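Chains, contacts and geometry: an overview
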Amino acid sequence: MLDHTPKEIKERKAVVINPAKTCQPLGATYAALGIHRCLPHSHGSQGCQMYFRGHLNRHFREPAEASTSSFTEGASVFGGMANLKTAINNVFHIYDPDMIAIHTTCLSETIGDDLPTIIRSSEKPEGKYIIHANTPSYVGSHILGFANMTAAAIRYLSAKTGAPNGKILLVPGFVNPGDMREIKRIMKAMGVDYTMLPDTTGVMDAPLTGNYHIFPDGGTRIEDIIDAGNCLATVALGQFASGAAARELENRCGVAPHIMDTPMSIDVMDDFLMLLSRLTGREIPAELEEERGQIIDIMADLHQHYFGKRVALFGDPDIMIGLTGFLLELGMIPAFVLTGSPSNDFEKRVNALLAKAGVAGRAKAAGDLFALHQWIKNEPVDLLIGNTYGKYIARAEDIPFVRVGFPIMDRGVHSYQPVVGYRGLMRLLELMGNALLERQERDAKDEDIELIM
Amino acid sequence: MEGPAESLFDVRDILEERKSHIMIKDSGCGGGIRCEKETIAGSISQRACVYCGARVVLNPITDAVHLVHGPIGCASYTWDLRGSLTSGSSLFRNSFSTDLREKDVIFGGEKKLAAAIDEIVAQYTPTPRLVFVYATCVVGVIGDDIEAVCRKKEAQHGIRVIPVKSSGFVGAKPMGYKLACAALLELMGDAPREKRPGVNILGDYNHGGEIWIIEGYLRKIGVEVVARVTGDASCERLMQAPSATLNIVECSGSMAYLSQQMEKRFGIPALKVRFIGFNDIKTSLVQIAERLGGGALVEKALALVAAEEAHVGPIIAEYRARLVGKTAAVCVGGAYKAIAMIRLLKEFGVRPVLIGTQHGSAEDYAIIRDFSVDGAVIINDTSPSEIEKYVREYKPDLFVGNVKERTLALKMGVPFVDFNHDRKYPLTTYEGMINFIKELDVTSNSPVWKWARTELTE
């Protein structure tokens, strides 16, 4: 019933049908929520911020508070300066954040509001901070918005005082708090001192105590962002969401950037640990060695369930690259790897991974789910991996479907669970394996149902 | 333990400008409330924008392409977000956007829009008969002449292509309702239509299949439905709407302009109805019957009411016993819904103590005040901080609201029921009343709340 996608592929250059991305300001909002006592502020129409909050609410099932300049017709003719100055004043007065993180929108960018000038001329209470990022919705995607806001925090705040703190600045990328918790656990196991930026643990996975607070306990501390200038190195996970922050800290404070893929495969996870070890001189602890051995043990136990299966995957570029690596390690075929985010590098990166493994597959940046669905209709796959919107394709084509990415609005608990690190790989294996085996059992005749699989 | 003492917001933290938007009903006569104003910059408003208003009204038209002309966000955030059910096409559940990029913003987006419409026509067989083109913020600033593009493409493809100039900043959500109504009028056209006995249902978006149930009631009474506006609507049937003899209007906020104009242009009078709660359903059905001839129709309506009440009444009574005496907060978007909800909760023996809407009018708030209990707080353009403050103060046993209130209410340990769009079954009508009271029962009696307001260390 939901299948309106024709099999025959006709060229499209102008219309996007069923997008696999959203706009920059959402990513900027999510990044800003990962700073302690920071209120994200959208400089645009009030509907924008309502949409970001709604999307974040539905994915995380958590409050996501953020304010807006509430543009009117007047503001869009005469500029949004008056609205923003009023907003800044009201936000500090009523919500009392330690910081306001302002992002622009397509509207305020097109009008040409000069944010630095407006911010300089605004009244800011003593000891409070205002930062901003330019996030025009007609450039990039929500991933670029996340990257821009993370870099903006460093640009505004980080300083080198000449007193090295021995810490790693860890930029986790546009991932769930469940992933951030896992990365933090790994850092702790390694004995590495770090600052994570942004850090939505304790914010977008805050506990229910009946004690709601607009600013939950989590989030990167502002003093830690300032002190990031004294870090030993930056480790940025995911070039698209985290690379900008690493480069910004290098430019401002000369902190060495190490930009790598999201650790969603054995190889990349190994690289991550060895990098941490090399940077800090810490040895990889037995605890993590054991986990690595366990995941390899599981892969050996179950490899036959995965090998040779054709997979279509879509989502954010860093997650897609990470996942492609893992699927190849499992002997699976990433037949279609699609992101909605525009990028020159994405297709090159995925194609290089495919070529190295000697596997034929197709990578696409700036794609949409209408295109992905057409490819699948023409060349069927065994498994689909992506966000909630994949359910239409999965249903139309009757393909097992594993939810990974953002947004996932039709299932719970996912945002608490990792897909990164060896533990995250275990979870991915379980999700994929169960999806494939449940399908096999669903389609099996009674006599073919086996107790042990 | 009971609710925590610490509050981030006390009265002095409410902005001066916001105080006049909040009213406490007392036993004497209450004062007025400030409303129908722009949101104050810097507040965390639950309000949406013009595009949102236009889109929600037109979205349920099942065989239409809803093409969002602008950068991608607005199309992504509104992709199949509302549970409007369809008995026909599901084309409307796909998301279409011109995904404007920087160069389009610099050089204008008209060419891309024209090409997008051509591509849509080329993709689908049969050709979609109706395309709505929504202009979002940027398009209003760069000045694309979307009307000209739409006219040209209508002529070229022989389909309806209707522009909706819904840039977010040109007003608030109700402005979007009006633009959607104007777009519907354009679809209906001006040509004189032969009248046939029957009604249009206005302002029912078929969430969870509600409009089908209401159509079933009307059929039993002997009333034909000409067009559904816009729940489970099709282009074909919408165009027949002018031939109806009566408009029955559910969500009056979104349909005000359409019902006025249909009366003026087509001579179709409007009757405001509500299918929420025993009193309102009965009144509405009887009024419809009276307006369409009375006599036997009214008898049939009363017979239907009697039969439904006999069936539903005992089930409601059983659950009511478990709810009676509880208090509730009701924070929803439209005043129509808030009013209906207050009346329904009172039928269930639940006392609404906190009522908020995003866009109520002075008239709406007067009605809300009359219907609400003494001491209730009534808030216009509610913000999360105000909700938090008054939830702490009033400690409602239940919260009825939308998605953004859901997370907030749950964080404060208050059982929550969604009465907006993140729901899957009917909540209006007799059948819906059972669903609704069951949901109130499930959420308020779930064991989870036993732990929700406690910590291990306390």
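What you see is a predicted model, and the numbers here were worked out from it, not measured in a lab.

Further remarks concern the overall build of chain A. A count of helices and strands for chain A gives 17 helices and 14 strands. Here chain A has a C-alpha radius of gyration of 22 Å; the compact-globule value for 453 residues is 22 Å, and the two agree. If one aligns the C-alpha atoms of chain A with their principal axes, the spans along those axes are about 75 × 55 × 45 Å. Considering only contacts in chain A between residues 6 or more positions apart, those separated by 24 or more positions represent 73%.

In a packed pair of helices, the relevant descriptors are the angle between the two axes and the axis-to-axis distance. Residues and elements named next belong to chain B. Their axes nearest at 8 Å, the elements helix α12 (residues 278-291) and helix α13 (residues 296-323) cross at an angle of 160°. Looking at the two axes, α12 sits roughly antiparallel to α13. In terms of crossing hand, the pair formed by α12 and α13 is right-handed. Across the interface between the two elements, F278, K282, L285, V286, A289 and E290 of α12 pack against L297, V298, K300, A301, L302, L304, V305 and E309 of α13.

Here we take up the domain arrangement of chain A. Residues and elements named next belong to chain A. When the domains of chain A are assigned, the result is domain 1 (24-157), domain 2 (168-286) and domain 3 (298-448). Facing the 27 residues of domain 1 at the interface are 29 residues of domain 2. At the level of elements, α1 (24-33) and α7 (142-157) are the ones that each hand at least two residues to the side of domain 1 that touches domain 2. Ranked by residues supplied to the side of domain 1 that touches domain 2, first place goes to α7 with 10 residues.

In this section: the interface of chain A and chain B. With 66 residues of chain A in contact, the opposing surface of chain B contributes 68 residues. Considering only residue class, the side of chain A that touches chain B consists of 29 nonpolar, 27 polar and 10 charged. Here two bridges tie strand β1 (residues 16-17) of chain A to strand β3 (residues 96-97) of chain B, and the two strands are oriented antiparallel to one another. Looking at the pairing, V16 of chain A lines up with S97 of chain B of β3 of chain B.

Residue and element names in this part refer to chain A. Helix length check: helix α13 (residues 317-329) (13 residues) gives 19 Å between terminal C-alpha atoms against 18 Å at 1.5 Å per residue, within 8%. Most of α13 is tucked away: 12 of the 13 residues are buried. Residues of α13 that are buried: P317, D318, I319, M320, I321, G322, L323, T324, G325, F326, L327 and L328. Just downstream of α13 lies G331, where phi reads positive at about 75°.

In terms of domain boundaries, chain B breaks down into domain 1 (11-42 + 309-452), domain 2 (50-171) and domain 3 (199-306). Measuring from the centre of the C-alpha atoms in domain 2 of chain B to the corresponding centre in domain 3 of chain B gives 29 Å.

Okay, the sheet that holds strand β8 (residues 233-237) of chain A next. Note on sheets: strands pair through backbone hydrogen bonds, and any given pair is parallel or antiparallel. Residue and element names in this part refer to chain A. With respect to topology, four strands assemble into an open sheet ordered β7-β6-β8-β9, the strand pairing being parallel. In the strand order of this sheet, the two ends are held by β7 (194-196) and β9 (256-260), each with one partner. The average undirected angle you get between the axes of adjacent strands in this sheet is 20°. Sheet analysis places strand β6 (residues 168-171) next to β7, joined by three bridges and oriented parallel. From the neighbouring strand, I168 faces β7, where its bridge partner is Y194. Sheet strands in contact with helix α10 (residues 239-253) are β6, β8 and β9, and its direction is about 170° off that of β9.

With that out of the way, let us pick up unusual backbone geometry. For the bond from T125 of chain B to P126 of chain B, the omega torsion is -5°, close enough to zero to count as cis. Within the fold, P126 of chain B resides in the loop between α5 (110-123) and β4 (130-135). Phi is positive for R61 of chain A, which is not a glycine, with a value near 55°. Mapped onto the fold, R61 of chain A is located in the loop between α2 (46-60) and β3 (67-68). A positive phi angle is found at D398 of chain A, which is not glycine, with a value near 55°. If you trace the backbone, D398 of chain A turns up in the loop between α16 (390-397) and β14 (401-403). On the basis of neighbour count, D398 of chain A is assigned to the exposed category, with 11 C-beta atoms found within 10 Å.

Parameters and conventions
Residues numbered from 1 in each chain as written. Chains lettered and ligands numbered in written order. Predicted model: local features only at pLDDT ≥ 70, side-chain atom pairs only at ≥ 80, totals over all residues. Helix = DSSP H or I, 4+ residues; strand = E, 2+ residues; numbered from the N terminus. Rg over C-alpha atoms; globule rule 2.2 N^0.38 Å. Contact = placed C-beta atoms within 7 Å. Axes fitted to C-alpha atoms, helices over the stretch in contact; angles between N-to-C directions. Parallel < 35°, antiparallel > 145°, perpendicular 65-115°, else oblique. Left-handed = near helix turned anticlockwise from the far one by under 90°. Domains from an automatic or database assignment. Nonpolar A, V, L, I, M, F, W, Y, C, P; charged D, E, K, R; others polar. Pairing = 2+ DSSP bridges. Expected span 1.5 Å × (residues − 1). Buried ≥ 20, exposed ≤ 12 C-beta atoms within 10 Å, placed from the backbone.

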